[in-house]
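Letter by letter, the chains look like this.
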Amino acid sequence: MKGIILAGGSGTRLYPLTMVTSKQLLPIYDKPMIYYPMSVLMNAGIRDILIISTPADTPRFQDLLGDGHQFGLNLQYAVQPSPDGLAQAFIIGEEFIGDEPVAMVLGDNIFAGHGLKKRLKAAVENAETGKGATVFGYYVDDPERFGIVEFDHDGKAVSIEEKPEHPKSNYCVTGLYFYDNRVVEYAKNLKPSARGELEITDLNRIYLEDNSLNVELLGQGFTWLDTGTHESLVDATTFIKTVEQHQHRKIACLEEIAYLNGWISKEDVLKVYEVLKKNQYGQYLKDVLDGKYQEHLY
């Protein structure tokens, strides 16, 4: 399965922070924002990842992440010249995707929770065995800001509506999507919405009407953060710092995930430790290598 991180957009809601850099390169506690969505794909077992960003920001991601070998990944890059909708990513990435299923995560989304890895693997299997698509739902207080899922009495999704005036539930679709290979053709046949974008909600609706959309709810014990405002940036940093300090485990430590997945060696991690050993991130890597943590479940 292939993976896409969509890290484009102009970030105007975060001005002046994002006037000279990408939102997805801003720090969330001790890591660049893009580490968090990348960790989601890695925990799903995905190693081939395409990062799509703006013409100005793509070189900055290349400077930060390179070809991904340090994380046991194969990273490629593509440009989205203008923000013409999330579904456009599958058209831009058509050659990269080839004939494989694909997962996409938005570059400003953070997911955390015990058991997340198990749900990610199930979503991968769903797409790889031709059972369609999986999206993740999350309860929100302001449903008019999101794509909202309506459920019947049996808990089955029956409709999806983008930013509805009269929401039919409080469950939104988060920025993490798993699709079979049909998604490329579906995206190519989409018509732009009233705001001139190829909407991910329209893509999800195709799968829903085909009875092949699985809506997996992230309930109690899971946290989803969409870091699009100054306030949510602070909230995300506070959340990550609090969880990491209390649980003594890092969220989105890419070297740790790669090492535990068997994608990089102990020697590879030691090289990173030598660079970072003066801070707590480097010390954490050393603790991982020393076997200080017995359980590796996320």
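Below, the structure is looked at part by part. (Residues numbered from 1 in each chain as written. Predicted model: local features only at pLDDT ≥ 70, side-chain atom pairs only at ≥ 80, totals over all residues. Heavy atoms only, no water.)

**Notes on the packing of helix H10 (residues 266–276) against helix H11 (residues 280–289)**
- The geometry of H10 relative to H11 is characterised by a closest axis approach of 8 Å and an angle of 155° between their N-to-C directions. One way to sum up the angle between H10 and H11 is to call them roughly antiparallel. For the pair H10 and H11, the sense of crossing is left-handed. In this structure, H10 contributes Lys266, Val269, Leu270, Val272, Tyr273 and Leu276 to the contact, and H11 contributes Tyr281, Gly282, Gln283, Leu285, Lys286 and Leu289.
- Counted by class, the contact of H10 with H11 contains 8 nonpolar, 2 polar and 2 charged residues. (Axes fitted to C-alpha atoms, helices over the stretch in contact; angles between N-to-C directions. Helix = DSSP H or I, 4+ residues; strand = E, 2+ residues; numbered from the N terminus. Parallel < 35°, antiparallel > 145°, perpendicular 65-115°, else oblique. Left-handed = near helix turned anticlockwise from the far one by under 90°. Contact = heavy atoms within 4.5 Å. Nonpolar A, V, L, I, M, F, W, Y, C, P; charged D, E, K, R; others polar.)

**Details of the pattern of salt bridges**
- Per the counting criterion, the structure on display carries 20 salt bridges.
- The closest approach of N and O atoms between lysine 188 and glutamate 94, which form a salt bridge, is 3.0 Å. Here glutamate 94 lies in helix H4 (residues 94–97) and lysine 188 lies in helix H6 (residues 183–188), a separation of 94 residues in the sequence.
- By relative accessible area, which is 36% here, lysine 188 ends up partly exposed.
- Counted as one network, the salt bridges with shared partners bring together Asp30, Lys31, Glu244 and Lys250. (Salt bridge = Lys/Arg side-chain N within 4 Å of Asp/Glu carboxyl O. Buried < 20%, exposed > 50% of the residue type's maximum accessible area, 1.4 Å probe, protein only.)

**What about the nonpolar core?**
- Residues Ile5, Met38, Met42, Ile49, Ile51 and Phe178 are the most contacted members of the largest nonpolar core, which totals 51 residues.
- Residue contacts for methionine 38: discarding those within four places in its chain leaves Ile5, Ile49, Ile51, Leu65, Leu73, Leu75 and Leu254.
- Counting residues in hydrophobic clusters, the runner-up holds 32 residues, among them Phe96, Tyr179, Ile200 and Tyr207. (Core = buried A, V, L, I, M, F, W, Y, C linked by side-chain atoms within 4.5 Å.)

**Let's talk about helix H1 (residues 35–43)**
- Within H1, 9 of the 9 residues are buried, leaving the element largely enclosed by the surrounding structure.
- Of the positions making up H1, those classed as buried are Tyr35, Tyr36, Pro37, Met38, Ser39, Val40, Leu41, Met42 and Asn43.
- Taken from the residues just after H1, glycine 45 is the one with a positive phi, measuring 90°.

**Some thoughts on the packing of aromatic side chains**
- Here the structure, examined in full by the defined rule, presents 11 aromatic pairs.
- Arranged with centres 5.3 Å apart and planes meeting at 90°, the rings of phenylalanine 90 and tyrosine 179 form a pair that is edge-to-face. Highlighted residues: phenylalanine 90 in helix H3 (residues 88–92) and tyrosine 179 in strand E11 (residues 171–179), separated in sequence by 89 residues.
- Ring geometry for tyrosine 186 against tyrosine 207: centres 5.2 Å apart, planes inclined by 80°, an arrangement best described as edge-to-face. Within this pair, whereas tyrosine 186 is found in helix H6, its partner tyrosine 207 is found in helix H7 (residues 200–209), the two being separated by 21 residues in sequence.
- Owing to a relative accessible area of 21%, tyrosine 186 belongs among the partly exposed residues under this scheme.
- Site record: aromatic cluster; members linked through ring pairs are Phe90, Tyr177, Tyr179, Tyr186 and Tyr207.
- Residue placement shows lysine 2 over the ring face of phenylalanine 96; its charged tip is 4.6 Å from the ring centre. (Phe/Tyr/Trp six-rings, centres within 6.5 Å; stacked < 30°, edge-to-face > 60°. Lys NZ or Arg CZ within 6 Å of the ring centre and 35° of its normal.)

Worth remembering: the numbers are spatial, not functional.
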